[in-house]
Amino acid sequence: MTAKPCVQDVSFPECESSHVGRLRLQLNCNSDCVYVLRSIVAVMSARAGMSELRSNRVAVAVDELFANIANHAYGGKPGRVEFETRIINHSDGSVLLFDFRDYASVSWNGCLKEVAARRIDHANPCPGGLGLKLICSVSDHCEHDILDDGNRWRLIFKLAEGE
Amino acid sequence: MDVKLTFEHENRDTQTALLRVHGDVTIHTSPRLREELKPLFSASIKEVRVVLNDVDFMDSSGIATLVEGLQWSRLTGGRFILSGLSENVRDVFELAKLDTVFDIEDSAA
């Protein structure tokens, strides 16, 4: 009997992991892949000099976005996700950027500003809809583009002086 | 980083249920938390306490599960208490603006 490879759905399309400011990954949207992404966030946030608390916030945002793609775009079924993260140094400041690309036929067509402004009903809180709200509250910029063959999401975190 | 979530149940008396959670609560593990939590709510249980001091990471799927726990406790008329939240987990509750909705105790039971 031939043993199955333990990792079937994770591949590095280009070998750029040695580059200080950039990591790329292609994976299938199994729910356990959130741990792969968290490891990458841990590496990139450490390279960016983020505090543990800020690094956790970034990890939450990345986790939530991946969960949204897995649950809503692909409906819990397997699907291809391309992920890239970069540290970009601009003259007016540095940022940590995360790009997600999926090839799902379903697109989210809500308004991120409305999600960010949505109030929690404290008397009767609802278990749904928290993920995007968390993403909007922790990232400095979140954008979503509907493409002909899927979706692209971008999260940007500004790096403070000293980070 | 814990890919598996584990639990310990403690029944201190007939009216109190205590659930200790160990690991990270994510989209991958929150269904297990729901499975463990839901049976604790019954008319005879007056207090359900979830101890989270061994949880370093929680995302919105975990918080949503605990919101369900809050709803179940309201239906059964009991208290639902969270305790031992790490700084990171408490921060996520605050970001979600749900820290004042839950009955949160600082120290673990």
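None of the values given here were measured: they were computed from a predicted structure.

What counts and what doesn't
Residues numbered from 1 in each chain as written. Chains lettered and ligands numbered in written order. Predicted model: local features only at pLDDT ≥ 70, side-chain atom pairs only at ≥ 80, totals over all residues. Heavy atoms only, no water. Helix = DSSP H or I, 4+ residues; strand = E, 2+ residues; numbered from the N terminus. Rg over C-alpha atoms; globule rule 2.2 N^0.38 Å. Buried < 20%, exposed > 50% of the residue type's maximum accessible area, 1.4 Å probe, protein only. Contact = heavy atoms within 4.5 Å. Buried area = accessible area lost by both parts, 1.4 Å probe. Salt bridge = Lys/Arg side-chain N within 4 Å of Asp/Glu carboxyl O. Polar contact = N/O pair within 3.5 Å; in protein donor to acceptor, adjacent residues only side chain to side chain. pLDDT = per-residue confidence, 0-100. 1 Å grid on protein atoms, 1.4 Å probe; cavity = no way out; pocket = protein on both sides within 12 Å on 5 of 7 lines; lining within 4 Å. Points joined across faces, edges and corners; volume = space filled by probe spheres on them. Nonpolar A, V, L, I, M, F, W, Y, C, P; charged D, E, K, R; others polar. Pairing = 2+ DSSP bridges. Axes fitted to C-alpha atoms, helices over the stretch in contact; angles between N-to-C directions. Phe/Tyr/Trp six-rings, centres within 6.5 Å; stacked < 30°, edge-to-face > 60°.

## Focus on the overall build of chain B
Thought 1: Helix and strand counts for chain B stand at three helices and five strands.
Thought 2: Reading the helices (α) and strands (β) of chain B from amino to carboxyl end gives β-β-α-β-α-β-α-β.
Thought 3: In terms of overall size, chain B behaves like a compact globule, its C-alpha atoms giving a radius of gyration of 13 Å where 109 residues would be expected to give roughly 13 Å.
Thought 4: The principal-axis extent of the C-alpha atoms belonging to chain B is close to 35 × 25 × 25 Å.
Thought 5: Expressed as a percentage of its 109 residues, the buried residues of chain B come to 57%.
Thought 6: Expressed as a percentage of contacts within chain B between residues at least 6 apart in sequence, the contacts between residues at least 24 apart total 65%.

## What to know about the side chain of Thr65(B)
Residue and element names in this part refer to chain B.
Thought 1: Locating Thr65 in the fold gives a position in helix H2 (residues 60-76).
Thought 2: On the accessibility criterion, Thr65 (5% relative accessible area) is buried.
Thought 3: If sequence neighbours within four positions are ignored, Thr65 has contacts with Ser30, Leu33, Arg34 and Leu37.

## Examining the interface of chain B and chain A
Thought 1: Contact residues are listed per partner, giving 30 residues for chain B and 28 residues for chain A.
Thought 2: Between chain B and chain A, roughly 2500 Å² of surface is buried when both sides are summed, and carbon and sulfur atoms account for 64% of that area.
Thought 3: On inspection of chain B and its partner chain A, the count reaches two salt bridges.
Thought 4: In this structure, Asp24(B) and Arg38(A) form a salt bridge, with 3.0 Å as the shortest nitrogen-oxygen distance.
Thought 5: In this assembly, chain B and chain A are joined by five residue pairs in polar contact (both at pLDDT 80 or more).
Thought 6: Sorting the residues of the side of chain B that touches chain A by element identifies H2 and helix H3 (87-95) of chain B as the ones contributing at least two each.

## A short note on the pattern of salt bridges
All names here are of chain A.
Thought 1: Counted according to the given criterion, the structure contains 22 salt bridges over all chains.
Thought 2: Two residues, Glu84 and Arg86, come together in a salt bridge whose shortest N-O distance is 3.0 Å.
Thought 3: Residue classification places Arg86 among the partly exposed residues on the basis of a relative accessible area of 23%.
Thought 4: The salt bridge partner of Arg101 is Asp149, with a shortest N-O separation of 2.6 Å. Here Arg101, found in strand E4 (residues 93-102), pairs with Asp149, found in the loop between strand E5 (141-147) and strand E6 (150-159); they are 48 residues apart in sequence, far enough to count as distant.

## A look at H3(B)
Thought 1: Turning to H3(B), its buried residues are Asn88(B), Val89(B), Asp91(B), Val92(B), Phe93(B) and Leu95(B).
Thought 2: Along its buried surface, H3(B) packs onto helix H2 (52-73) and helix H4 (130-138) of chain A together with H2 and strand E4 (79-83) of chain B.

## Brief notes about the confidence of the model for chain A
Thought 1: Confidence along chain A averages 84 in pLDDT terms, with 87% of residues attaining 70 or more.
Thought 2: The model gives residues 1-8 of chain A a pLDDT under 50, and that stretch makes zero contacts with residues more than four places away or in other chains.

## Re the layout of surface pockets
Thought 1: Here the largest pocket is characterised by a volume of approximately 590 Å³.
Thought 2: If you go around the largest pocket, you meet 32 residues; those closest to its centre are Ala67(A), Asn68(A), Asn71(A), His72(A) and Ser60(B).
Thought 3: Secondary-structure elements contributing two or more residues to the lining of the largest pocket are H2, H4 and E6 of chain A together with helix H1 (30-37) and H2 of chain B.
Thought 4: A total of seven residues in the lining of the largest pocket trace back to one element, the largest contributor, which is H2(A).
Thought 5: Class assignment for the residues of the lining of the largest pocket results in 13 nonpolar, 13 polar and six charged.

## Focus: the sheet that holds strand E2 (residues 16-22) of chain B
Sheet strands pair by backbone hydrogen bonding; their relative direction is either parallel or antiparallel.
Residue and element names in this part refer to chain B.
Thought 1: Sheet architecture is open: five strands sit in the order E1-E2-E3-E4-E5, paired in mixed fashion. Each of the sheet's edge strands pairs with one partner strand only, and the pair in question is strand E1 (6-13) and strand E5 (103-105). Between one strand axis and the next, the sheet turns through 20° on average, direction left out of account.
Thought 2: Judged from the three bridges that link them, E4 and E5 form a sheet pairing that is parallel. Paired with Ile81 across the strands is Asp103, a residue of E5.

## Focus: the packing of aromatic side chains
Thought 1: With the rule as written, the count across this model stands at seven aromatic pairs over all chains.
Thought 2: Plain terms: the ring middles of Phe98(A) and Phe157(A) are 5.9 Å apart, the flat faces sit at 85° to each other, and that makes the pair edge-to-face. Of this pair, Phe98(A) sits in strand E4 while Phe157(A) sits in strand E6, placing them 59 residues apart in sequence. In this structure, Phe98(A) and Phe157(A) share a single accessibility class: buried.
Thought 3: Aromatic pair Phe93(B) and Phe102(B): ring centres 5.4 Å apart, planes at 85°, arrangement edge-to-face.
Thought 4: The rings of Phe41(B), Trp72(B), Phe80(B), Phe93(B) and Phe102(B) are connected pair by pair, giving a single aromatic cluster.

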